[in-house]
Amino acid sequence: MSGPALPQPRGDLSAAVIAGLTSGDTALDSTLAPTVDPYGDDLQLALYVLYELHYRGFEGVPDELEWDPGLLAVRRSLERAFLAALRRDVPPGTSADEALDALLVEPVGHDDSSVSHHLQRDGELWQLTEYAALRSLYHLKEADPHAWVIPRLRGRAKAGMVAVEFDEFGGGRPEEIHARLYADLMTDLGLDTTYGHYLDRAPAALLATVNLMSLFGLHRALRGALVGHFAGVEVTSSPGSRRMAAALRRAGAGKAAQRFYDEHVEADAVHEQVVRRDVVGGLLADEPHLEADIAFGVHATGLLEDRFGAHVLKAWRQQHSALRTLPHGGTERKSP
């Protein structure tokens, strides 16, 4: 399976990583990471590229580099910088139940800080299309990052996690895999469904939301945080998906575009209960010392989603694109 083309670098750090993957010279300087913005384009792109070696890789990059010691050393340096920033910025001191209960409180009326609220009431088709393009970096591999945690769970937590993942992967039917449904949504909106196509256009705030899943999923020590992330997503998915489905209908998008979110309204309402009762409850019964990590995963997810939402809404309110402008000399893509 051929992966996407390597992206254009966004600074010295990502340039070094991309050059190393191209040349095979992976003896890179891992001391650059602490000198750059942990939420910025350079670090987040470098981290995204290194994580992608564990998914589909990149065109022309040997599969063997997935576990290259030099690249892993650089990745670890980037992860430490990213994780330190998250631990600094995430509010401490709540239980897992408190963190999840707070997500169940829906605002009364319109929420000016919410992308889905904006799209439901005021969103234009071009905004829905941009949003779909950006979210494709996760949704075209939906549920893959969460699958890493399955061998790290046992008993009730593992059974619940597998039950939810089974639904995400189409219940055994390839045409129902949620990543496939998202590709259908993109087709309805006139987008390119090639895996990784919009990487160069994705801002750092979006890359961070995807990198968070890989960070938590690839480290057994962060299994509690991954479960917290997963629970936070499932708790908020059903009402958010209902708003997105309504926005797509109002904007006149096709039935396939609407179906992706319609599917999540029903499925994730069920998943929320399974995740809270069996995955979170089972993990806490087995390993109660992970409660702080679960809460951290919930809060870190909210922090990065809020940052991404703020980026998108600021651009749209100024009638600007939320996608990155390619640097001079890059090839501008026609869609969105």
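In this text, all values refer to a predicted model and were calculated from it rather than measured experimentally.

About the cut-offs
Residues numbered from 1 in each chain as written. Predicted model: local features only at pLDDT ≥ 70, side-chain atom pairs only at ≥ 80, totals over all residues. Heavy atoms only, no water. Buried < 20%, exposed > 50% of the residue type's maximum accessible area, 1.4 Å probe, protein only. Helix = DSSP H or I, 4+ residues; strand = E, 2+ residues; numbered from the N terminus. Arc of directions from axis to C-beta. Salt bridge = Lys/Arg side-chain N within 4 Å of Asp/Glu carboxyl O. Core = buried A, V, L, I, M, F, W, Y, C linked by side-chain atoms within 4.5 Å. Contact = heavy atoms within 4.5 Å. Lys, Arg positive; Asp, Glu negative; His and termini not counted. Polar contact = N/O pair within 3.5 Å; in protein donor to acceptor, adjacent residues only side chain to side chain.

Draft legend 1. Main features of helix H4 (residues 96-103). Listed in full, the buried residues belonging to H4 are Ala96, Ala99 and Leu100. Taken end-on, H4 shows its buried residues confined to a sector of 90°, consistent with a single buried face.

Draft legend 2. A look at helix H9 (residues 178-188). Here H9 has its buried residues at His178, Ala179, Leu181, Tyr182, Ala183, Leu185 and Met186. Just downstream of H9, Gly190 is the residue with a positive phi angle, here 80°.

Draft legend 3. Representation of the pattern of salt bridges within the structure. Applying the stated criterion across every chain, the model contains 17 salt bridges. Two residues, Arg259 and Glu176, come together in a salt bridge whose shortest N-O distance is 2.5 Å. Taken together, the residues span a long stretch of sequence, with Arg259 in helix H12 (residues 255-286) and Glu176 in the loop between helix H8 (155-168) and H9 at a distance of 83 residues. One salt bridge connects Arg223 with Glu287, and the closest N-O pair in it is separated by 2.6 Å. Taken together, the positions of Arg223 in helix H11 (residues 223-251) and Glu287 in the loop between H12 and helix H13 (291-317) put the pair 64 residues apart, joining distant regions of the chain. Among the residues examined, Glu287 registers a relative accessible area of 11% and is labelled buried. Here the salt bridges do not stand alone but share partners, grouping Arg10, Asp41 and Arg324 into one network.

Draft legend 4. Broad picture of the nonpolar core. Counting residues in hydrophobic clusters, the biggest one holds 103 residues, and the most contacted among them are Leu78, Phe82, Leu86, Leu185, Phe216 and Tyr261. In terms of residues, this core owes the most to one element, H13, which gives eleven residues. Setting aside residues no more than four positions away along its own chain, Leu86 makes contact with Tyr39, Leu212, Leu215, Phe296, Ala300, Leu303 and Leu304.

Draft legend 5. Representation of the side chain of Glu272 in the model. Within the element layout of this structure, Glu272 appears in helix H12. Put simply, Glu272 is tucked away with no salt bridge, and the nearest opposite charge, on Arg276, sits 5.3 Å away. Within the structure, Glu272 has its side chain in polar contact with the side chain of Gln273 (distance 3.4 Å).

None of this, on its own, says anything about what the molecule does.
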